[in-house]
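# Observations on the model geometry
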Amino acid sequence: MKINKPLHFAFLLAFTLLIVSCAHQPAPDAYDPPGFFSGLWNGFTAFFALIGHLFDNSIRIYAFPNSGGWYDFGFFIGASAFGGGAGSASSAGSGD
């Protein structure tokens, strides 16, 4: 019996939603949780923090507790700024 692609995709999507629905993050109980600019800095230094974390478990890449969406947005922008040149470098070597 062969399952068609839309049905296979629907099962995969349902399974993914079932697994993801179990995930949660506790509410931060911090007086002044890290915000956008802390996320920006942590995103920019994430590569170096990863290397430091390999040698010292007290170094964290991602701050917890944080302020949520604004911290995440800053982290994304910072990480993109650090590694964002790869897209233009890959198109420069295409031989056009």
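Residues numbered from 1 in each chain as written. Predicted model: local features only at pLDDT ≥ 70, side-chain atom pairs only at ≥ 80, totals over all residues. Heavy atoms only, no water.

Counted under the stated rule, the structure contains nine aromatic pairs. With centroids separated by 6.5 Å and ring planes inclined at 40°, the aromatic side chains of Trp41 and Phe44 adopt a geometry described as tilted. Taken together, the positions of Trp41 and Phe44, both in helix 2 (residues 36-44) and three residues apart, correspond to about one turn of that helix. You can call Trp41 exposed: its relative accessible area is 56%. Overall, the relative accessible area of 36% leaves Phe44 in the partly exposed class. Taken together, Phe36, Phe37, Trp70 and Phe73 form an aromatic cluster joined through their ring pairs. (Phe/Tyr/Trp six-rings, centres within 6.5 Å; stacked < 30°, edge-to-face > 60°. Helix = DSSP H or I, 4+ residues; strand = E, 2+ residues; numbered from the N terminus. Buried < 20%, exposed > 50% of the residue type's maximum accessible area, 1.4 Å probe, protein only.)

With that settled, the discussion passes to the side chain of Asn42. Looking at where Asn42 falls in the secondary structure, it is placed in helix 2. Taking relative accessible area as the criterion, Asn42 reaches 19% and is therefore assigned buried. Side-chain polar atoms of Asn42 contact the side chain of Tyr71, separated by 2.7 Å. Each residue touching Asn42, except ones within four places of it in the same chain, is listed here: Ile61, Ala63, Tyr71 and Phe75. (Polar contact = N/O pair within 3.5 Å; in protein donor to acceptor, adjacent residues only side chain to side chain. Contact = heavy atoms within 4.5 Å.)

With that settled, consider helix 2. Of the residues making up helix 2, those classed as buried are Gly39, Asn42 and Gly43. One face of helix 2 carries all of its buried residues, which in axial projection span an arc of 100°. Turned more than 90 degrees from where helix 2 packs its buried face, Phe37 and Trp41 sit exposed. Looking at the buried side of helix 2, the elements it contacts are helix 3 (46-55) and helix 4 (69-83). (Arc of directions from axis to C-beta.)

Turning to the environment of Pro33, a few remarks are in order. Relative to the helices and strands, Pro33 resides in the loop between helix 1 (5-20) and helix 2. According to the relative accessible area criterion, Pro33 is partly exposed, its value standing at 25%. Taking C-alpha positions, Pro33 is 4.8 Å from Asn66, a pair spaced 33 residues apart along the chain. For Pro33, the contacting residues outside a window of four places in its chain are Pro65, Asn66 and Ser67.

Let us now look at helix 4. End to end, helix 4 covers 21 Å across 15 residues, agreeing with the expected 21 Å (1.5 Å per residue, within 8%). Those residues of helix 4 hidden inside the fold are in contact with helix 2 and helix 3. (Expected span 1.5 Å × (residues − 1).)

Okay, the confidence of the model for the protein next. Model confidence for the protein is summarised by a mean pLDDT of 81, while 77% of its residues fall at 70 or above. When mean pLDDT is compared element by element in the protein, helix 2 scores highest at 92, while helix 5 (residues 86-92) scores lowest at 58. (pLDDT = per-residue confidence, 0-100.)

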